[in-house]
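Summary of structural features
Now for the letters of each chain:
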Amino acid sequence: MPILNWLGKEKVINHHHDVPFHILEHRYTYGAKDTGNKIIHGDNLLALKSLLPEYEGRVKCIYIDPPYNTGNEGWVYNDNVNDPKIKKWLGEVVGREGEDLSRHDKWLCMMYPRLRLLQRLLTDDGAIFISIDDNEQANLRLICDEIFGGVNFVANIVWKKKTNGNNMGHIPPVHDFILVYAKNAERLALPGVPQSNEYINAKYGNPDDHPLGPWTTMDMSANHKGPYFEIENPTTGEKYLPPKGRYWVFNAEEVEARINDGRIIFGKSGNSRPVQRVFLKDRITTKKPETWFDTQGYNSSGMITLANILGGKVLDHPKPPSLLNYIITFATNKNDLILDSFAGSGTTAHAVLNMNKADGGNRKFILVEMEDYAETITAERVRRVIDGYADVEGTGGGFDYYELGDPLMLNDGNLNEDVPAEKICEYIWYTETRSEYVPQEEAYLLGTRSDTAYYFYYEKDMATVLGHKFLQSIKSKASGYIIYADMTTLGEDELEKMNIRFKKIPRDITRF
């Protein structure tokens, strides 16, 4: 497999390991509570790291619309990696070498560690969708092959983003790409786009108010050889054979079961030949999406939608909700989690809320936006979608808004004492159990899982010692114990005898 090399690569290929873990500081809840929806304001590299303890391996669908690296600096969303924030990061990570990088080198340095973290967040059956144009499409394909594995390439979708190219260039461009990679192609599960087959045009009704909804009838015989026996109408006693030259499509046992549960009836009157009762809901099938998107909306419709929501033009080229609606339709189920770490105007959240309203789903979204308009544009758009705007009815729902907080660990490797103890406990519990932290009444107890009790013996202003005095204070009974402390006075034999595993603070705290 070809490997792409660029200036600065050796400084960033493992940088995702060195990214410090920052806590997320909750600012407010809008709308419904406990939705699981999050909008995070902060550097998306740091934010992605902060999501790992709770969300590693849990995101079914990732959609990102990163800078295309066109060099255009006129947009509110600066589509150029000479952005001061990126330049500062390059200076800190890549060093003085970064001063000599081309804009393509800079873009690759910026994207590589972010894609590394995004790959970790995907479920085994999930996929990432990345919008891009010709400026970086070839480079993106190569680094995605490296990060996700070439065998996990799924598709290079061509999305027609506008009706004409206005005679720009020798061959006017009217499309973007959407690169799709799976976490594990062998396990990838794309539910598909709901479609109607030929039965959808039949005349369905529900004269008996059946709980499964509208239905119609269908012949239950076929001309291929099959079961041949008499079917008795349980009400009239009349017996029926298949028409001449035909056979039943069900055996006798299946026919009896279907008569009993109402899926075979004897006409609407109950006095006719047996027929199948076919429900409309069972005739909805799915179709696999194809790599040519030409009816999923244009950039212009995305701009019009955003202007209608916020009362004027605020960003150029936001993606239309219809494009994200389509992707979410075939890439997720009703309870899946969708992440967008280049959130921009918040189109992904808009699409998720639309889909939930349309089909009663409980999809959840996480948005990350590093620019200062995360509150005034991104979150404001989502608020108005929830409540309704112009003549569009609100979707309902809600979200929690977060700012990126302090790092958990200092550069010298010690715990940051400015971080609240509960946030540290939450992190330790996640690293140990991959489950949600619930504060306990017992001092220093994080919780019990699989008959193992976890203790985090930590005090901000003093060194803690795991010794006999601390053991006497333990109330939880378990088969084994994992205890964090600054030091221990117990020997290895003593710890083993009591089924205690000592973990030294901060040395043994897991780094993601």
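Rules behind the numbers
- Residues numbered from 1 in each chain as written.
- Predicted model: local features only at pLDDT ≥ 70, side-chain atom pairs only at ≥ 80, totals over all residues.
- Heavy atoms only, no water.
- Helix = DSSP H or I, 4+ residues; strand = E, 2+ residues; numbered from the N terminus.
- Buried < 20%, exposed > 50% of the residue type's maximum accessible area, 1.4 Å probe, protein only.
- Areas by Shrake-Rupley, 256 points an atom, 1.4 Å probe, with all protein chains shown as cover.
- Lys, Arg positive; Asp, Glu negative; His and termini not counted.
- Charge placed at Lys NZ, Arg CZ, Asp CG, Glu CD.
- Patch = residues over 30% accessible without salt bridge, like charges linked within 9 Å, V, L, I, M, F, W, Y side chains within 5 Å.
- Salt bridge = Lys/Arg side-chain N within 4 Å of Asp/Glu carboxyl O.
- Axes fitted to C-alpha atoms, helices over the stretch in contact; angles between N-to-C directions.
- Parallel < 35°, antiparallel > 145°, perpendicular 65-115°, else oblique.
- Left-handed = near helix turned anticlockwise from the far one by under 90°.
- Contact = heavy atoms within 4.5 Å.
- Nonpolar A, V, L, I, M, F, W, Y, C, P; charged D, E, K, R; others polar.
- Pairing = 2+ DSSP bridges.
- Polar contact = N/O pair within 3.5 Å; in protein donor to acceptor, adjacent residues only side chain to side chain.

Considering the overall build of the chain
Helix and strand counts for the chain stand at 14 helices and 27 strands. C-alpha atoms of the chain, sized along the principal axes, occupy 90 × 75 × 50 Å. Every one of the 512 residues in the chain was classed for burial, and the buried ones make up 50%. Taken as a whole, the chain presents about 24,800 Å² of accessible surface, with 48% of it coming from carbon and sulfur. If you average the places of the 59 positive and of the 72 negative side-chain charges in the chain, the two averages end up 5 Å apart.

Quick notes on the environment of Pro67
Summarising the element assignment, Pro67 is placed in the loop between β3 (59-64) and α4 (84-93). Separated by 226 residues in sequence, Pro67 and Phe293 place their C-alpha atoms 21 Å apart.

Comments concerning a negative patch on the surface
A grouping of Asp406, Glu417, Asp418, Glu459 and Asp461 is seen on the molecular surface, where their side chains present a negatively charged patch. Structurally, Asp418 is set in the loop between β21 (398-407) and α12 (421-433). Classification of Asp418 as exposed rests on a relative accessible area of 61%.

Comments concerning the packing of helix α3 (residues 44-55) against helix α5 (residues 103-121)
Two numbers describe how α3 lies on α5: the axes approach to 10 Å, and their chain directions differ by 20°. The angle between α3 and α5 places the two elements in the roughly parallel class. Crossing handedness for the pair α3 and α5: left-handed. Of the residues in α5, those touching α3 at Asn44, Leu45, Leu48, Lys49, Leu51, Leu52 and Tyr55 are Pro113, Arg114, Leu117, Leu118, Arg120 and Leu121. Grouping the amino acids of the contact of α3 with α5 by side-chain chemistry returns 9 nonpolar, 1 polar and 3 charged.

Quick word on the pattern of salt bridges
This model, assessed by the stated rule, comprises 22 salt bridges. A salt bridge links Lys319 to Asp65; the nearest nitrogen and oxygen atoms lie 2.9 Å apart. Note that Lys319 is positioned in the loop between α8 (299-310) and α9 (321-331) and Asp65 in the loop between β3 and α4, a separation of 254 residues in sequence. The salt bridge partner of Glu432 is Lys503, with a shortest N-O separation of 2.7 Å. Taken together, the residues span a long stretch of sequence, with Glu432 in helix α12 and Lys503 in strand β27 (residues 500-504) at a distance of 71 residues. The structure contains a network of salt bridges with shared partners spanning Glu375, Glu380, Arg383 and Arg384.

Some words on the sheet that holds strand β25 (residues 480-485)
The 4 strands are arranged β22-β23-β25-β27 in an open sheet whose pairing can be described as mixed. Every interior strand has two partners, whereas the edge strands, β22 (445-449) and β27, have only one. Each strand of the sheet is rotated relative to its neighbour by a mean of 15°, with strand direction disregarded. Summarising the sheet, β22 and strand β23 (residues 452-456) pair through 4 bridges and their orientation is antiparallel. Residue pairing in the sheet places Arg449 in a bridge with Thr452 of β23. Sheet contacts for α12: β22, β23, β25 and β27; angle to β22, the most-contacted strand, approximately 20°.

Topic: the pairing of strand β6 (residues 175-182)
Judged by how many residues are buried, β6 sits mostly within the fold: 7 of 8 residues are covered. Inspection of the sheet shows strand β4 (residues 122-132) paired to β6 by 6 bridges, in the antiparallel sense. By the bridge assignment for β6, Ile132 is matched with Phe177. Here strand β5 (residues 153-160) pairs with β6 via 7 bridges, running antiparallel. Considered in β6, the bridge of Val158 is made with Phe177.

So, the environment of Asn416
Locating Asn416 in the fold gives a position in the loop between β21 and α12. For Asn416 and Lys460, which are 44 residues apart along the polypeptide, the C-alpha to C-alpha distance reads 9.2 Å. Those residues in contact with Asn416 that lie beyond four places of it in its chain are Asp406, Pro407, Leu408, Met409, Leu410 and Ile424. Engagement of the side chain of Asn416 in a polar contact is seen with the backbone oxygen of Pro407, the distance being 2.9 Å.

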